[in-house]
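# Coordinates in review
Here are the chains, one letter per residue:
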Amino acid sequence: EAGVAQSPRYKIIEKRQSVAFWCNPISGHATLYWYQQILGQGPKLLIQFQNNGVVDDSQLPKDRFSAERLKGVDSTLKIQPAKLEDSAVYLCASSLAGEAFFGQGTRLTVV
Amino acid sequence: AQSVTQPDIHITVSEGASLELRCNYSYGATPYLFWYVQSPGQGLQLLLKYFSGDTLVQGIKGFEAEFKRSQSSFNLRKPSVHWSDAAEYFCAVGDTGFQKLVFGTGTRLLVSP
């Protein structure tokens, strides 16, 4: 079965620019997560979707981050405007029955 | 809300020696528990999981973990470490409702010759 697909793999932007990441979860997985992993730290949950709806976005900086999940399948995460401290790997995961599968992530560098 | 503590930031083990990585969790009900491994530049790969039943769970690559409710722990073990096991290891706890998954800060495993 195909895994979780993310694009792009790498992105370099200047501060105050905007950026978007895309995630295609495993087919049939109702739950989708976006995590932020800063270098040397564990993944931090930004937002969790259950089908189309948001289950948890308590740690999403809503003044600059937004996310949507179209028709309960693909998802995009956007940052606008980006700050230096947003440099991190953004991981998408999907799950079925509690077991999460991760994509390879998008490494964002803000300069 | 659930939380995870991995008290060891780095651990160095000689190749062929045994390994134990510690994980303590906080959650009010019976948790779902996971160990993931992350190699440099890679995503997270699931090593093993505990949902219910036998408290000693076997995973891939020769790893096992034991759930101890009384100690709120889920330590990862391997009897003989290989150089290819050098990586970052993350413990995670999930709830039984909407499956919110929370990670620890990770333990970096170094394997010496």
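What comes next concerns the included structure. Because the structure is a prediction, the values reported are computed rather than measured.

Calculation notes
Residues numbered from 1 in each chain as written. Chains lettered and ligands numbered in written order. Predicted model: local features only at pLDDT ≥ 70, side-chain atom pairs only at ≥ 80, totals over all residues. Heavy atoms only, no water. Phe/Tyr/Trp six-rings, centres within 6.5 Å; stacked < 30°, edge-to-face > 60°. Helix = DSSP H or I, 4+ residues; strand = E, 2+ residues; numbered from the N terminus. Buried < 20%, exposed > 50% of the residue type's maximum accessible area, 1.4 Å probe, protein only. Lys NZ or Arg CZ within 6 Å of the ring centre and 35° of its normal. Contact = heavy atoms within 4.5 Å. Buried area = accessible area lost by both parts, 1.4 Å probe. Salt bridge = Lys/Arg side-chain N within 4 Å of Asp/Glu carboxyl O. Nonpolar A, V, L, I, M, F, W, Y, C, P; charged D, E, K, R; others polar. Core = buried A, V, L, I, M, F, W, Y, C linked by side-chain atoms within 4.5 Å. Disulfide = S-S within 2.5 Å.

### Quick notes on the packing of aromatic side chains
- If you walk through the whole model with that rule in mind, you get 16 aromatic pairs over all chains.
- Ring centres of F21 of chain A and Y90 of chain A lie 5.0 Å apart, and the angle between their planes is 25 degrees; on these two criteria the pair is classed as stacked. Note that F21 of chain A is positioned in strand β3 (residues 19-24) and Y90 of chain A in strand β9 (residues 88-96), a separation of 69 residues in sequence.
- Note on F34 of chain B and Y36 of chain B: the rings are 6.2 Å apart at their centroids and 35 degrees apart in plane angle, and the pair reads as tilted. Here F34 of chain B matches Y36 of chain B in class, with each residue buried.
- Through pairs of rings, three or more aromatic residues link up here, namely Y33, Y35 and F102 of chain A together with Y32, F34, Y36, F51, F90 and F103 of chain B.
- Above the ring of F51 of chain B, the side-chain terminus of K49 of chain B is found at 6.0 Å from the ring centroid.

### Details of the interface of chain A and chain B
- Each side of the interface is counted separately: chain A has 22 residues, and chain B has 19 residues.
- In this assembly, chain A packs against chain B so that about 1,600 Å² is buried in total across both faces, 50% of it on carbon and sulfur atoms.
- Our count for the contact surface shared by chain A and chain B stands at two salt bridges.
- For K100 of chain B, the salt bridge identified is with D56 of chain A, shortest N-O distance 2.9 Å.
- Among the secondary structure elements, those contributing two or more residues to the side of chain A that touches chain B are β4 (31-37), β5 (44-50), β6 (53-56), β9 and β10 (99-102) of chain A.
- Here the side of chain A that touches chain B is built from residues that sort into nine nonpolar, 10 polar and three charged.

### Description of the nonpolar core
- Core analysis: the biggest nonpolar cluster contains 26 residues, and L19, W35, L47, L48, F74, L76 and Y89 of chain B have the highest contact counts within it.
- Elements supplying a minimum of two residues to this core: β2 (10-14), β3 (19-21), β5 (32-38), β6 (45-50), β8 (64-68), β9 (73-78) and β10 (87-94) of chain B.
- At four residues, β10 of chain B tops the list of elements feeding residues into this core.
- In contact with L76 of chain B, other than residues within four places in its own chain, are L19, E20, L21, W35, L47, L48, F63, E64, A65 and Y89 of chain B.
- Counting residues in each nonpolar core, the second largest holds 21 residues, with W34, F49, I79 and V110 of chain A among its members.

### Details of the pattern of salt bridges
All names here are of chain B.
- One pass over the full model with this rule turns up nine salt bridges over all chains.
- The partner of D8 in a salt bridge is R22, with the nearest N and O atoms 2.9 Å apart. With D8 in the loop between β1 (3-5) and β2 and R22 in the loop between β3 and β4 (24-26), this residue pair connects regions lying 14 residues apart in the sequence.
- Judged by relative accessible area, D8 falls into the buried class, the value being 17%.
- By sharing partners, the salt bridges in this structure join E64, E66 and R77 into a single network.

### Thoughts on the state of the cysteines
- Enumeration over the complete set of coordinates arrives at two disulfides over all chains.
- In this model C23 of chain A forms its disulfide with C92 of chain A; the gap between the sulfur atoms is 1.9 Å. Between C23 of chain A and C92 of chain A, the S-S dihedral sits near -70 degrees, and the bridge is therefore left-handed. With C23 of chain A in strand β3 and C92 of chain A in strand β9, this residue pair connects regions lying 69 residues apart in the sequence. One exposure class covers both C23 of chain A and C92 of chain A, and it is buried.
- A sulfur-sulfur separation of 2.0 Å characterises the disulfide bridge that pairs C23 of chain B with C91 of chain B. Classification of the bridge connecting C23 of chain B and C91 of chain B rests on its S-S torsion, roughly -65 degrees, and on that basis the disulfide is left-handed. Of the two residues, C23 of chain B is situated in the loop between β3 and β4 and C91 of chain B in strand β10; the sequence distance between them amounts to 68 residues. C91 of chain B carries the same exposure label as C23 of chain B, and that label is buried.

### A short note on the environment of P31 of chain B
All names here are of chain B.
- Position of P31 relative to the elements: it lies in the loop between β4 and β5.
- For P31, a relative accessible area of 0% puts it in the buried group.
- Among all residues touching P31, those that are not within four sequence positions of it are Y25, Y50, F51, F67, V93 and G94.

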